[in-house]
Amino acid sequence: MVGGAASYGAFCFRGTGEAGGNCFLRRNLKSSVVFRLWPGPGSFPLLAFGVTVAMNKKKKPFLGMPAPLGYVPGLGRGATGFTTRSDIGPARDANDPVDDRHAPPGKRTVGDQMKKSQAADDDDEDLNDTNYDEFNGYAGSLFSSGPYEKDDEEADAIYAALDKRMDERRKERREQREKEEIEKYRMERPKIQQQFSDLKRKLAEVTEEEWLSIPEVGDARNKRQRNPRYEKLTPVPDSFFAKHLQTGENHTSVDPRQTQFGGLNTPYPGGLNTPYPGGMTPGLMTPGTGELDMRKIGQARNTLMDMRLSQVSDSVSGQTVVDPKGYLTDLNSMIPTHGGDINDIKKARLLLKSVRETNPHHPPAWIASARLEEVTGKLQVARNLIMKGTEMCPKSEDVWLEAARLQPGDTAKAVVAQAVRHLPQSVRIYIRAAELETDIRAKKRVLRKALEHVPNSVRLWKAAVELEEPEDARIMLSRAVECCPTSVELWLALARLETYENARKVLNKARENIPTDRHIWITAAKLEEANGNTQMVEKIIDRAITSLRANGVEINREQWIQDAEECDKAGSVATCQAVMRAVIGIGIEEEDRKHTWMEDADSCVAHNALECARAIYAYALQVFPSKKSVWLRAAYFEKNHGTRESLEALLQRAVAHCPKAEVLWLMGAKSKWLAGDVPAARSILALAFQANPNSEEIWLAAVKLESENNEYERARRLLAKARSSAPTARVFMKSVKLEWVLGNLVAAQELCEEALKHYEDFPKLWMMKGQIEEQEELVEKAREAYNQGLKKCPHSTPLWLLLSRLEEKVGQLTRARAILEKSRLKNPKNPGLWLESVRLEYRAGLKNIASTLMAKALQECPNSGVLWSEAIFLEARPQRKTKSVDALKKCEHDPHVLLAVAKLFWSERKITKAREWFHRTVKIDSDLGDAWAFFYKFELQHGTEEQREEVRRRCENAEPRHGELWCATSKDIANWQRKIGEILVLVAARIKNTF
């Protein structure tokens, strides 16, 4: 067709093969069209079909064709290809908006026309000759500007289906061909790593001597690059100046005076003077002759150095601060110690000068001026200023003390002597005068002279007494309390130096003179206690409270408790307990007494005042004799800080007042059992049975006592009675366990079956049944027991774990994985199940899947310390520290995370930090047995014998019961009679340093 508007229908071509073909839908032609119909599968090709109007001009054959492979323009004439910024345009981020504000109208992408241009489709067809090919037609879409109709959508769907089918037919062959090509390419061009693989394997045969004999790689740089020459500053010698002084001058004859006197000297004495009037200069050179006198230069240098040395030669104490032999190495002494700008110093100096001139009798101005000059290094100026200040302000104590501080040695003594003449009542000046003396006798003489002028100064008396021997000090204190009767310190000091009888008299006099001070009364009580008169202590403290209240003194409870703690630390136990009993109830509301007293006891324990805490508990038990919580706290206090005898005495009183408190009976029995007194423990439990008949705890405690002491028949009888009189799930469980550990598996299974008839929702019974079957290698029965238990107890995490581990043990990894997935569905947000899933994949060698599961687990349980601690060691070593920081942010006080951080420091050989984090872990959760085991293992490798014993002792006191490794060892039937310390050693031995 040629010409204007013409319509054409859809053309479909079908061959003999499968269905295929291309459809060109009906359109209206508005211009010249050249297009091609591509053949479908099994159809014949239709090469070209079209119309043309203006294609008569000849085209160059290479236009629009791709360049040959490896073609570089201009390479034949020697040019090489390159790209400049003008070729690719200015640097711009991919997200930056295009700034074409100066584009022609209608083409802008910013401004008011942007919305219009977005609505209109500006993607014009490129009908340039360079974009046309005789075979392919135009490169772009010819009908892109037309509307997209439903027929177009159907045609596109047909094209897509055909392309997909063709791709599927050739996919396998294409992939196989690509694989072969890649292998061929790798064989022709192997990686450097593959080329050296055989050499790397041979490195295993290299001996250490051969390795050490390999020469070092030399430095390929040239000599100038290897040894760069830095700029060096060398002092110019004097001969250099002398030689170049006369450059630029022309001499045609020799001065006869120079030859006469031999060189640079002139005939006139004086060196540098010239014989011409007006030519004399004060400098080092004369302009007329250009001569240089070396002697003068040396003198100038010596003068300058003397000035600097004299400036810093002495300090306040009069001793030199400069080493005369090595002053050049001690240049720090010449640097001023101030850090301010020189302009600020000048301003400050000017301001202080103005203050001094305006008000010359103002002492702070003189002191500030002297200190300013001192910090700027002008010590002599500072001394002069402060001495002038003493003249202007002779009655200022501060000015005289500053002058004495700035002056050296003997001069300071003279200044102080002058100050005493002006201020004979100044205590501070007398103290300074005594400090300046180096001889003890001189000090005593100064202080005694001072006491003649100021007899009522406590400070002077204390300073004088400190220099005396005890006998002379007692005499002086007798005089001191007469001159200063209101000084408590002097009275108490005198009482300490006196005998018992005289000390009582001294303290009585002190109370008469100072009736409002509590320390005198407390000292009197301590005096009576020290001399064995303990019955008077309580009376003295009671009289003290009464007397102080009568004199209008408010009894401050906190101050008295502090005094009691000081008495406790000083060893005055009776006084401290008397004080606590007297003041413990002062100023407290009745409903707050118990809470406040327990807090006071904890505070005393924290301050290591144990007798004070014991007194508080004793008083609280008198007020609340039937409070079980108070008895328990007192018992735990005695257990941790007291003796076994004191604990047992307290527990005897406790069970008498609280016979229904089972825990108190059990603590008493355990204390007797640990001491080796089994009959006493049995008698206590018998009394407990009378007070608490059919108590499960007491029954089980009695069974444990008998079984631990190898009385198995008695334990069986007790359990049988307990099952008949007080049947509970725990009683049955202990019965099964006793038979199990003794090797009677048949009896254990029978008891387990009987127990499950009554308590089928108790998961531990199902666990024990499955474990017994598993021990007998009856896998099917064990699996059945676990499955039945999970039907009754679907929320029991240990049951799910046992079943999955059983399947993993028999090699059913897929079934174990399915069990754990099912458990997570029934128990969402359960960290234990997620952790087992991660470990299952890790044990199977699927580390990538384990990492993916861990990420999902942390999303579901973001605050689980167990998961975070495991995630730290799933990472590679460089990323572990970052992961540990994230874990600490999420779980700052979780013991598992703290333990993981301690292990991380351990793996990095940071021993001190690791030990610190282990201490922190066991302090936060002392019940975590794994933490104690890792701590003990750490001390076995890096600690001393004392540190190992300390960890073991603390672990035995803490009695941990939890922890994955700890429970796996402690609940093993082979270790059922082992103590805490033995289990600690076993768990530590199982730990391997694989982290």
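The protein chain is annotated in an unreviewed UniProt entry as Pre-mRNA-processing factor 6 of Cervus elaphus hippelaphus. Looking at the Function (unreviewed entry) heading of the UniProt record, one finds this comment for the protein chain: "Involved in pre-mRNA splicing as component of the U4/U6-U5 tri-snRNP complex, one of the building blocks of the spliceosome. Enhances dihydrotestosterone-induced transactivation activity of AR, as well as dexamethasone-induced transactivation activity of NR3C1, but does not affect estrogen-induced transactivation."

Per the secondary structure count, the protein chain includes 49 helices and 6 strands. Here the protein chain holds 995 residues, and the buried ones make up 34% of them. In the protein chain, the share of contacts with a sequence separation of at least 24, taken over all contacts with a separation of at least 6, comes to 49%. Split by element, the accessible area of the protein chain, about 62,600 Å² in all, is 53% carbon and sulfur.

Okay, the pattern of salt bridges next. Overall, the coordinates contain 45 salt bridges when judged by the stated rule. Residue Arg716 pairs with Glu713 through a salt bridge whose shortest N-O separation is 2.8 Å. Remark: Glu713 and Arg716 occur in helix 33 (residues 712-725); sequence separation between them is 3 residues, near one turn of the helix. Arg716 sits in the partly exposed class, given a relative accessible area of 22%. Glu713 sits in the partly exposed class, given a relative accessible area of 48%. Among the charged side chains, a network of salt bridges with common partners joins Arg371, Glu374, Glu402 and Arg405.

What follows concerns the packing of aromatic side chains. Within a pair of aromatic rings, the relevant descriptors are the distance that separates the centres and the angle that separates the planes. A full pass over the atoms with the stated rule returns 10 aromatic pairs. A ring pair is formed by Trp597 and Tyr619, whose centres lie 5.3 Å apart and whose planes are at 80 degrees; its orientation type is edge-to-face. Residue Trp597 is located in helix 26 (residues 593-606), and its partner Tyr619 is located in helix 27 (residues 610-623); the two are separated by 22 residues in the primary sequence. The class of Tyr619 is partly exposed, set by a relative accessible area of 24%. For Trp597, a relative accessible area of 1% translates into the label buried. By the ring-pair criterion, three or more aromatic residues cluster together here, those being Trp906, Phe918, Phe935 and Phe938. Across from the ring centre of Trp917, 4.2 Å away, lies the NZ or CZ of Arg920, which sits over that ring.

Moving on to helix 49 (residues 980-990). Residues spaced three or four apart along an α-helix face the same direction, because each turn holds 3.6 residues. Along helix 49, the residues that are buried comprise Ile980, Gly981, Ile983, Leu984, Val987 and Ala988. Around the axis of helix 49, the buried residues are gathered within 160 degrees of arc, so they sit on the same side. Close packing links the buried residues of helix 49 with helix 46 (929-942), helix 47 (945-958) and helix 48 (964-970).

Its place among the elements puts Glu841 in helix 40 (residues 831-843). Classification of Glu841 as buried rests on a relative accessible area of 3%. Not counting residues up to four positions away in its chain, the partners in contact with Glu841 are Arg817, Leu846, Ile849, Ala850 and Leu853.

With that settled, consider the environment of Asn830. With respect to the helices and strands, the residue Asn830 is situated in the loop between helix 39 (813-826) and helix 40. With relative accessibility at 16%, the residue Asn830 sits in the buried group. Measuring from C-alpha to C-alpha, the distance between Asn830 and His795 comes to 10.0 Å, with 35 residues separating the pair along the chain. Polar side-chain contacts of Asn830 include one of 2.9 Å to the side chain of Thr797.

The rules behind each value
- Residues numbered from 1 in each chain as written.
- Predicted model: local features only at pLDDT ≥ 70, side-chain atom pairs only at ≥ 80, totals over all residues.
- Heavy atoms only, no water.
- UniProt positions renumbered as here; feature names shortened; annotations may be inferred.
- Helix = DSSP H or I, 4+ residues; strand = E, 2+ residues; numbered from the N terminus.
- Buried < 20%, exposed > 50% of the residue type's maximum accessible area, 1.4 Å probe, protein only.
- Contact = heavy atoms within 4.5 Å.
- Areas by Shrake-Rupley, 256 points an atom, 1.4 Å probe, with all protein chains shown as cover.
- Salt bridge = Lys/Arg side-chain N within 4 Å of Asp/Glu carboxyl O.
- Phe/Tyr/Trp six-rings, centres within 6.5 Å; stacked < 30°, edge-to-face > 60°.
- Lys NZ or Arg CZ within 6 Å of the ring centre and 35° of its normal.
- Arc of directions from axis to C-beta.
- Polar contact = N/O pair within 3.5 Å; in protein donor to acceptor, adjacent residues only side chain to side chain.

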